[in-house]
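Chain by chain, the residues run as shown.
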Amino acid sequence: MLCSKCKNKAVFSDPRLCSQHFIAYFEAKVASTIRRFSMVSQQDRLGVAVSGGKDSISCLYILNKLFPGVTAIAIDEGIKGYREKTLKQLSLFCSEHNIVLKVFEFRKEFGKSLDSFVAGLKNKSAKQKGNLGSPCTICGAFRRHIMNKCARKLGMTKLATGHNLDDEAQAVMMNFLKNNLSLSIKLGPVVGVISSGLFVPRIKPLYFCTEKEVMAYAFLKKLPVALDECPYAHESFRRTVQEALNRQEKADKGSKKALISNFLEFLPLLRERLKESQELSFCENCGEISRNRLCKACSIAELLSR
Ligand code: SF4
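Each chain carries its own residue numbering, running from 1 in the written order of its sequence. Owing to the predicted nature of the model, reporting of local features is limited to residues with pLDDT of at least 70; listing and counting of side-chain atom pairs is limited to 80 or more, with chain, interface and lining totals taken over all residues. Note: side-chain values were computed over all heavy atoms of the structure, leaving out hydrogens and water.

## Some points on the site of the ligand
Defined as follows: The cutoff for a nearby residue is simple: one of its non-hydrogen atoms must lie within 4 Å of the molecule or strand. Only Asp, Glu, Lys and Arg are considered charged in this grouping, and only Ala, Val, Leu, Ile, Met, Phe, Trp, Tyr, Cys and Pro are considered nonpolar; every other residue, Gly among them, is considered polar.
Lining the immediate environment of the ligand, one finds Glu-77, Leu-114, Cys-136, Cys-139, Cys-230, Tyr-232 and Ala-233. Split by residue class, the shell around the ligand holds six nonpolar, no polar and one charged.

## Describing the packing of aromatic side chains
The geometry of an aromatic ring pair comes down to the distance between the two centres and the angle between the two planes. Our working definition: Whether two aromatic rings pair depends on their centres lying within 6.5 Å, for rings of Phe, Tyr and Trp, where Trp uses its six-membered ring; planes under 30 degrees apart make the pair stacked, over 60 edge-to-face, and the rest tilted. Only DSSP runs of H or I with at least four residues qualify as helices, and only runs of E with at least two residues qualify as strands; both kinds are numbered from the N terminus onward. Think of it in three bands: residues with accessible area under 20% of the maximum for their type are buried, residues over 50% are exposed, and the middle band is partly exposed, with areas taken using a 1.4 Å probe on protein chains only. Only lysine NZ and arginine CZ atoms are considered, and such an atom sits over a ring when it is within 6 Å of the ring centre and within 35 degrees of the ring normal.
Tallied over the full model, the rule gives 12 aromatic pairs. Ring geometry for Phe-106 and Phe-110: centres 6.4 Å apart, planes at 75°, overall edge-to-face. Placement of the pair is Phe-106 and Phe-110 together in helix α4 (residues 106–110), with a separation of four residues, close to one helical turn. Phe-110 carries the same exposure label as Phe-106, and that label is buried. According to the relative accessible area criterion, Phe-110 is buried, its value standing at 19%. Of the aromatic side chains, those joined through ring pairs into one cluster are Phe-12, Phe-22, Tyr-25, Phe-26 and Tyr-217. The aromatic ring of Phe-237 is capped on one face by Lys-178, whose charged end is 4.6 Å from the ring centroid.

## Here we look at the nonpolar core
What counts, and what does not: By nonpolar core is meant a set of buried Ala, Val, Leu, Ile, Met, Phe, Trp, Tyr and Cys residues that side-chain atoms within 4.5 Å join together. Contacts were defined at the residue level, with two residues in contact if any of their heavy atoms lie within 4.5 Å.
Ranked by internal contacts, the top residues of the largest apolar core, which has 38 residues, are Phe-26, Val-48, Leu-60, Leu-63, Phe-93, Tyr-217 and Leu-223. The greatest single-element share of this core, amounting to six residues, is contributed by helix α2 (residues 54–66). Setting aside chain neighbours within four positions, we find Leu-60 in contact with Val-48, Val-50, Val-70, Ala-72, Phe-93, Cys-94 and Ile-99. Residues Ile-73, Met-147, Leu-294 and Cys-295 belong to the second largest nonpolar core, which totals 33 residues.

## Points about the pairing of strand β3 (residues 46–50)
The test is simple: DSSP-based pairing: two strands are paired if at least 2 bridges between them are found.
With five of its five residues buried, β3 lies for the most part within the structure. Of the two faces of β3, the one carrying Leu-46, Val-48 and Val-50 and the one carrying Gly-47 and Ala-49 are both buried. Strand direction decides the pairing type here: β3 and strand β6 (residues 158–160), joined by three bridges, are parallel. Within the sheet, the bridge partner assigned to Gly-47 lies in β6 and is Leu-159. Relative to strand β4 (residues 71–76), β3 is paired through four bridges, and the arrangement is parallel.

## Looking at the state of the cysteines
To keep things clear, this is the line we draw: Two cysteine sulfurs form a disulfide in these notes if their separation is within 2.5 Å.
A full pass over the atoms with the stated rule returns zero disulfides. Between Cys-209, a cysteine without a disulfide, and Cys-59, which holds the nearest cysteine sulfur, the sulfur-to-sulfur distance is 9.4 Å. Judged by its relative accessible area of 0%, Cys-209 falls in the buried class.

## Describing α2
How we decide: An expected span of 1.5 Å times one less than the residue number is assigned to each helix.
Taking 1.5 Å of rise per residue, 13 residues should cover 18 Å, and α2 covers 18 Å from first to last C-alpha, within 8% of that figure. When you tally the buried positions in α2, you get 11 out of 13 residues, the bulk of the element. Burial in α2 covers these residues: Lys-54, Asp-55, Ser-56, Ile-57, Ser-58, Cys-59, Leu-60, Tyr-61, Ile-62, Leu-63 and Asn-64.

## Notes on the sheet that holds β4
Sheet strands pair via backbone hydrogen bonds, and the direction of the pair is either parallel or antiparallel. Selection rule: Here the axes come from fitting lines to C-alpha atoms, over the contacting stretch only for helices, and the angles between their N-to-C directions go from 0 to 180 degrees.
The sheet built from six strands is open, its strands ordered β5-β4-β3-β6-β8-β7 with mixed pairing. The two strands at the open ends of the sheet, each matched to only one other strand, are β5 (100–105) and β7 (190–191). Where β7 and strand β8 (residues 202–203) come together, two bridges link them in antiparallel fashion. Across the sheet, residue Val-190 finds its bridge partner in β8, namely Ile-203. In this fold helix α3 (residues 83–96) packs onto β3, β4 and β5, with an angle of close to 170° to the strand it touches most, β4.

## A look at the pairing of β5
Cut-off, in case you're wondering: The crossover handedness rule: strands pointing away from the viewer, path from first strand over the helix to second strand clockwise, crossover right-handed.
Examined bridge by bridge, β4 and β5 share six bridges and lie parallel to one another. In the sheet register, Asp-76 faces β5, and the bridge partner there is Glu-105. Following the backbone out of β4, through α3 and into the adjacent parallel β5, one traces a crossover that is right-handed.

## Thoughts on helix α7 (residues 135–153)
An ideal rise of 1.5 Å per residue puts 27 Å on 19 residues; α7 measures up with 27 Å between its terminal C-alpha atoms. Residue Gly-155 follows α7 closely and has a positive phi angle near 85°.

## Overview of unusual backbone geometry
That bond from Asp-14 to Pro-15 is cis: its omega, 5°, falls within 30 degrees of zero. Note that Pro-15 resides in the loop between β1 (12–13) and β2 (16–17). Located in the positive-phi region is Asn-179, a residue other than glycine, with phi close to 55°. Of note, Asn-179 is situated in the loop between α8 (165–177) and β7. At Lys-222, a position not held by glycine, the phi torsion is positive, near 55°. Following the sequence through the fold, Lys-222 ends up in the loop between α9 (211–220) and α10 (237–251).

Shown next, in the form of structure tokens:
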């Protein structure tokens, strides 16, 4: 199989491209997403949320190439045997590319590691646990909370994440299936419907790149991607939805792209419709933006402390 642009051997089938042309195609796709949604301006101080996986490392690498001087922000959740390794690799990568890396810990921000919170859940009744069925529920809320607070304290005006097309398709489906449509207004390539100095707007430069494309890019660029999987990943609802969408994509190619293009058509309408319910209010405990008396992270921390 030959590259559709030259006579070299193709390393990717859709689009059919050789290594050199695939890298150029991928980087151009990311740059065009950034331009199309005016994700970054000259004045922006750019932070990149990194976990060490293929998506965040690729995102960090490309953004640092396009906008030298980005800051990488990582979270140490306290997942034994997993996070230490990924942080070590990440730290090496950042020092090789002259990228400042800032690491923030669950332990310092919330008093305990994720492992300790999860272990504590085992002694609780179903009623005490509430909706904390999966470690990812705790992890996701705490991560978002720390990321926003710390990016703001570091003076970042935008925070880029490595979400790809597959991630976004999963999030759209998950919100539909859990009857959480209102949460979908936080999706999209640029997140920041709430205009407040407390919220650092999020951008997703890999929004239109499929998981396979990101994987190929990270491999071809020899980026040091953490291959270990989080030990809690199999317990997540996201995994169930991911498998279902992959089956659908196999049966009907282009399903994920179609889901995202339809979602983008109706996202502005959804945001308009839910604008009033998004009035700015603040968490009674930490003072961060919240739609309820307590923000998600503080309400989970309260549940865990009972
Ligand atoms: Fe956190 Fe779940 Fe991701 Fe593990 S898989 S890092 S617990 S969100």
